[in-house]
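Coordinate analysis (summary)
Below are the chains, spelled out letter by letter.
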Amino acid sequence: VLAEEALKAGRLKLGGGFGWTQTKDYSYQHISPSIQYFVSDNLSLGASLSYGTGSGDFSSTSIGPALDYYFYHKNQLAFYFSQEISLSNYYGADYYGDAQSQIGTSSLGTLIFLNQNVAFGVELSRSYSLKNDNNDNGKTYLSGNFSIFY
C-alpha cells in the first residue's frame, strides 16, 4: 500500500542517486539529484542533474530529461525502469580532454518505502553515447538512491 500511494498521478518526487566505481586503473564517484512529476499512476517525467569526479583530475556534469516507469509495486517494494538523455560535459582528463557529448542512460531499479513519502533503493544502469563516439564504449554501474514523495 505504501508504494501504491506514493506512485499516484499528481505527486512530486525529489530524489537522487550516488555511486562509486573502482577498477584496477580507474575510479569514479558521482551524485545525481532529480525532480519528477507523476503524469499518471506509475509514470513520472522530470529532470536530472549529475556531477562526478574520477581519476586523473577528471570531472563531469550532465543535465537532461528523465522518465521513470514503475512496472511492479506491492506493499513497501517497487521496481522501475528509467531512461535519461543528457547533455554531458567532461573536463580535465587525458582520456576525454575537455569535451561535450549526449549520453543515454537506461536503468533498472528498486525502491523500498519506509513510509508513503520516503524510499531508498539501488539501481543498475548502463550509459552510452548517443553520438557513437569511438572513445565511449559506455559503462555499467550500480548506484544507491533515495526519494522523497510529495
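One can find the structure itself at the top, above this paragraph.
Conventions adopted
- Residues numbered from 1 in each chain as written.
- Predicted model: local features only at pLDDT ≥ 70, side-chain atom pairs only at ≥ 80, totals over all residues.
- Heavy atoms only, no water.
- Salt bridge = Lys/Arg side-chain N within 4 Å of Asp/Glu carboxyl O.
- Helix = DSSP H or I, 4+ residues; strand = E, 2+ residues; numbered from the N terminus.
- Buried < 20%, exposed > 50% of the residue type's maximum accessible area, 1.4 Å probe, protein only.
- Core = buried A, V, L, I, M, F, W, Y, C linked by side-chain atoms within 4.5 Å.
- Contact = heavy atoms within 4.5 Å.

Some remarks on the pattern of salt bridges
Counting across every chain of the model gives 1 salt bridge. Two residues, D68 and K13, come together in a salt bridge whose shortest N-O distance is 2.8 Å. Taken together, the residues D68 in strand β4 (residues 58-74) and K13 in strand β1 (residues 12-22) connect sequence positions 55 residues apart. K13 sits in the buried class, given a relative accessible area of 5%.

Considerations on unusual backbone geometry
In this structure, N42 takes a positive phi of about 75 degrees despite not being glycine. When you line up the elements, N42 lands in the loop between β2 (27-40) and β3 (43-54). If you check the backbone angles, N75 has positive phi at about 55 degrees while not being a glycine. Structurally, the position occupied by N75 is in the loop between β4 and β5 (77-93).

Some remarks on the nonpolar core
Counting 11 residues, the largest nonpolar core consists of A3, A6, L7, F38, Y70, A78, Y80, L111, F113, A119 and F149. Of all elements in the fold, only α1 (2-6), β5 and β6 (97-113) reach the threshold of two or more residues within this core. Not counting residues within four places of it along the chain, the set of residues in contact with Y80 comprises D68, Y69, Y70, F71, S107, L108, G109, T110, L111, V122, E123 and N145.

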